[in-house]
Amino acid sequence: NLPITAMVRNLARMTANGLIKPLSVATKMISDRLADTDGIKRSRLHPIAVLAALKTYEAGHGARGRLEWEPVRAIIDALDGAFYAAFGNVVPTGKRIVIALDVSGSMDSGEGAGVPGLTPRIACAAMAVVTARSEPNHVIIAFSDQMVRLTISSRQRMDAVVRALYALDFGGTDCALPMLWAAEKGIEADAFVVFTDSETWYGDIHPVQALGKYRRTFGIPAKLVVVGAVANEFSIADPNDGGMMDVVGFDTATPQIISDFVGSSA
C-alpha cells in the first residue's frame, strides 16, 4: 500500500531486512509496480529521484549511515525501466542531432539537479541517453579539453552507460569541440545538444564562434542547446541568436523542451 515514491525510497531497507530477495513475492510485486508506466506517470515520480535510487541501490550501501544490502537484479532492472517511463513520451523531431557529453574532471564535483550523491556526470549521461532514445537520427560523442573516444548506445542500460563514462580519462572543458569535430569530420547536423556541468571554459575559439563557423561552412542553420547540470551562473548561448539556448538543471519537461526547440522553424 506504499505510494510509489515512498516504496522507491525504502527499497534498500526492505532488501536489508530480507523482504526483497530473488524470486520473492515482494520482489515481483515491486517490479510489477515499477513496470506500470501509467502508474509511474500518475504518481509524478521524478526520473532523477529514480536515477538516484538506482545508483544507491546498485551500490549496496548508503552514502550516509551503516545500512548495507545485497542488490537484487530484478529491482535494478525495474528501476532502470521506471527511469525512462517517468519522463513520459517525447515527440521526436526527426532532425540530425549531435549529442555531446562533457566527460571532464569537474563532472564529478557538485550535485546534479541538487540530488545528494548524484554527480553531474551521472545526471548528464542520463539526460543524454533519454534524448538519444527519442531521436532516431543521432550520434553520441564525448569531449573534455579534447575529443574522447566513447562507445555507448541509447539502448544500453543506465548502469552500463555510467560505467563506460567512469572508464574514460578526464581533463578540462572545451564546449566548442563538438562543432569543431563535426566540421572536421564532415558531419551534417541540424542541432548540437551539449550536456555539461557548469565549468564551461573554452580553448582557442568560443562555442558561439565555432557554431557560426560551422553554419557558414555547411550552409546549415544548426542550433545549439547547452544543458548545465549545476546552476552556477554559466552562459554560453548568444542571447541575440534565436538558434541557441541554455538550460540549467533537469526537469521532467527538459527532453520535450529540447525537442520543441530543435524541431521549431525559428
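Peer 1: When you look at the overall build of the chain in this model, what are you seeing that I'm missing?
Peer 2: Helix and strand counts for the chain stand at 11 helices and 6 strands. Its C-alpha atoms give the chain a radius of gyration of 19 Å, near enough to 18 Å, the size a compact globule of 266 residues would have. Taking the principal axes of the C-alpha coordinates as reference, the chain spans close to 60 × 35 × 30 Å. Residue pairs in contact within the chain that sit at least 24 positions apart in sequence constitute 73% of those at least 6 positions apart. Element-wise, carbon and sulfur atoms account for 51% of the exposed surface of the chain, whose accessible area totals about 12600 Å². Across the chain, the mean location of the 25 positive side-chain charges is 8 Å away from that of the 28 negative side-chain charges.

Peer 1: Teacher, can you tell me more about the sheet that holds strand β1 (residues 97-102) here?
Peer 2: Note: strands within a sheet are paired through backbone hydrogen bonds, in either parallel or antiparallel orientation. One open sheet accounts for 6 strands, arranged β3-β2-β1-β4-β5-β6; its pairing is mixed. The two strands at the open ends of the sheet, each matched to only one other strand, are β3 (147-148) and β6 (244-248). Here 2 bridges tie strand β2 (residues 138-143) to β3, and the two strands are oriented antiparallel to one another. Across the sheet, the residue bridging to Phe143 is Met147, located in β3. Across the sheet, helix α11 (residues 254-263) touches β1, β4 (191-196), β5 (223-228) and β6, and the angle it forms with β5 is around 165°.

Peer 1: Can you help me understand the environment of Lys95 in this one?
Peer 2: Structurally, Lys95 can be placed in the loop between α6 (73-87) and β1. For the pair Lys95 and Gly263, spaced 168 residues apart in the sequence, the C-alpha separation amounts to 7.0 Å. Apart from the residues within four sequence positions on either side, Lys95 is in contact with Glu135, Asn137, Asp190, Val262 and Gly263.

Conventions used here
Residues numbered from 1 in each chain as written. Predicted model: local features only at pLDDT ≥ 70, side-chain atom pairs only at ≥ 80, totals over all residues. Heavy atoms only, no water. Helix = DSSP H or I, 4+ residues; strand = E, 2+ residues; numbered from the N terminus. Rg over C-alpha atoms; globule rule 2.2 N^0.38 Å. Contact = heavy atoms within 4.5 Å. Areas by Shrake-Rupley, 256 points an atom, 1.4 Å probe, with all protein chains shown as cover. Lys, Arg positive; Asp, Glu negative; His and termini not counted. Charge placed at Lys NZ, Arg CZ, Asp CG, Glu CD. Pairing = 2+ DSSP bridges. Axes fitted to C-alpha atoms, helices over the stretch in contact; angles between N-to-C directions.

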